[in-house]
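# Structural description and commentary
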Amino acid sequence: MFNLDTLIRENIKRLVPYSTARDEFKGEATIFLDANENNFGSPLPVNYNRYPDPMQWKLKYKMAEIKGVPPQNIFIGHGSDEAIDVLYRCFVNPGVDNVVLCPPTYGMYEVSAHINDAIVRKVSLTPDFQLDIPALQQAIDENTKLIFICSPNNPTGNSINRADIELLLNNFDGIVVIDEAYINFSRQKTFIQELTEYPNLVVLQTLSKAWGLAGLRIGMAFASEDIVNTFNKVKPPYNISQATNELALQALDNVSQVNEWIREIVIERDLLSAGLIQLPEVLEIYPSDASFILVKTTDAKGIYNYLIERGIVVRDRSKVELCMGCLRITIGTPAENLHLLEVLKSFNLKKETPVSA
């Protein structure tokens, strides 16, 4: 039986969070002499001399309208990586508790685990990049606090079987974290709407991918109000800047533009896949629900270096578990994708050209 109180670290239960000047005063005022800000202003066209709302309520209310969940169920982080780190700091006792990861997957789960001295248990995905449920069940014990599932998965691009995730949610007494960074490009529906069904569910999303705001570093965690309140105890007081808040709010007014980009990226994903599979050095293109494709090649390192020499950067994933010989290629604009294909067509010609005496 899931019991959040038994999962929270004892030191976090006892923690009295830092109270900011903006937490202590709520209302309207004309003179602020409480936070040691510079009342003369900022050396910028726009004044940023005031601390931002520590809980980002305007941004949460706007996000709530788009996602269809109450703002109290939303945590805003400095990228999804902050939410990942906060999960460890709230629930995982260093050197005692363990987390379960399912490689190949997003590398920050493991990096953050080591930073927080968590014990890492790895249960590899199956050859078709799905959860190995029997192996997962064997890996879980009384000290397992978190299971991370990336769906659509990075770097493989596929969505994880929904029934398998639901099985874990129904039978695991810890927290199941579903990272949906690429959900906008997927045929699978988000798990956000399941928050009322599963108190042990945390869903991660981001504005870095479909929304094109990677440079702003805005990530979201959707969870029960109790979990979000626990996150808010641990996070830095002003983790999101005022400038970032304002720009994100402006971006959220452009849903139609983002939806158009999503449609175009999905179309380009299919076109690029169709073009790449015609090349002799491409052995397989794995099904993708993301804004990238995983491509199995005859010579991942050679192709990677060949593209680098011509000003094109892809990601060499050939040393990642189950991804031998693979490159991960982000879907570009139509012009970028066509240029990539044209450059790759000359790869074999280069290898076949004899060296002059």
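Residues numbered from 1 in each chain as written. Predicted model: local features only at pLDDT ≥ 70, side-chain atom pairs only at ≥ 80, totals over all residues. Heavy atoms only, no water.

### Examining the overall build of the chain
Threshold: Put simply, DSSP marks the helices as runs of H or I at least four residues long and the strands as runs of E at least two long, and each gets a number from the N terminus on. Only protein chains enter the accessibility calculation, which uses a 1.4 Å probe; a residue is then buried when its area is under 20% of its type maximum, exposed when over 50%, and partly exposed in between. In this analysis, two residues are considered to be in contact whenever any of their non-hydrogen atoms come within 4.5 Å of each other.
Each helix and strand in the chain was counted, giving 14 helices and 11 strands. Along the first, second and third principal axes, the C-alpha atoms of the chain reach 80 × 55 × 40 Å. Looking at the chain as a whole, 52% of its 357 residues qualify as buried. The long-range fraction of contacts in the chain, counting pairs at least 24 apart against all pairs at least 6 apart in sequence, stands at 68%.

### Details of the packing of helix H4 (residues 57–67) against helix H10 (residues 242–251)
Any two packed helices are characterised by how steeply their axes cross, that is the angle between the axes, and by the distance between the axes. Basically, it comes down to this: Only the stretch in contact is used when fitting a helix axis, every axis being a line fitted to C-alpha atoms; angles between N-to-C directions are given from 0 to 180 degrees. We call two directions roughly parallel when the angle between them is under 35 degrees, roughly antiparallel when it is over 145, roughly perpendicular when it lies between 65 and 115, and oblique otherwise. Each crossing gets its hand from how the near helix is turned against the far one by less than a right angle, where anticlockwise is left-handed and clockwise is right-handed. When residue character is reported, Ala, Val, Leu, Ile, Met, Phe, Trp, Tyr, Cys and Pro are called nonpolar, Asp, Glu, Lys and Arg charged, and the others, Gly included, polar.
Running from N to C, H4 and H10 point in directions that differ by 20 degrees, and their axes come no closer than 10 Å. Judged on the interaxial angle alone, H10 and H4 are roughly parallel. Considering the relative orientation of H4 and H10, their crossing is left-handed. From H4, Lys58, Leu59 and Lys62 reach across to H10, where they touch Asn245, Ala248 and Leu249. Looking at side-chain class alone, the contact of H4 with H10 contains three nonpolar, one polar and two charged residues.

### Some points on the side chain of Asn232
Mapped onto the elements of the fold, Asn232 is located in helix H9 (residues 225–234). Here Asn232 falls in the buried class, since its relative accessible area comes to 16%. Residues within four places of Asn232 in sequence aside, it is in contact with Met55, Lys60 and Phe75.

### Some points on a nonpolar patch on the surface
The cut-off we apply is this: Here a patch means residues that are over 30% exposed by relative accessible area and free of salt bridges, tied together within 9 Å if like-charged and within 5 Å if nonpolar (Val, Leu, Ile, Met, Phe, Trp, Tyr). Using the Shrake-Rupley algorithm and a 1.4 Å probe, accessible areas are obtained, with residue cover drawn only from the displayed protein chains. A side-chain nitrogen of Lys or Arg and a carboxyl oxygen of Asp or Glu constitute a salt bridge if their distance falls within 4 Å.
A grouping of Leu44, Val46 and Tyr48 is seen on the molecular surface, where their side chains present a nonpolar patch of about 260 Å² in accessible area. Residue position: Val46 is located in the loop between helix H3 (21–24) and H4. By relative accessible area, Val46 is classed as partly exposed at 42%.

### Here's the deal with the domain arrangement of the chain
As a reminder of what qualifies: Bear in mind that the domain bounds are from an automatic or database domain assignment. The term buried area means the drop in 1.4 Å probe accessible area that two parts suffer when joined, counted for both and summed. Any pair of N or O atoms that falls within 3.5 Å is considered a polar contact. Within protein, one atom must be able to donate a hydrogen and the other to accept it, and sequence-neighbouring residues count only if both atoms are side-chain atoms.
Partitioning the chain into structural domains gives domain 1 (4–21 + 52–254) and domain 2 (256–346). Computed from C-alpha coordinates alone, the two centres of domain 1 and domain 2 are separated by 28 Å. Both faces combined, the contact of domain 1 with domain 2 buries some 1800 Å², and carbon together with sulfur accounts for 61% of it. Where domain 1 meets domain 2, there are one salt bridge. Arg187 is the salt-bridge partner of Asp289, the closest N and O atoms lying 3.0 Å from each other. Across the domain 1-domain 2 interface, the total number found is 10 residue pairs in polar contact (both at pLDDT 80 or more). Partitioning the side of domain 1 that touches domain 2 into residue classes produces 10 nonpolar, 11 polar and one charged.

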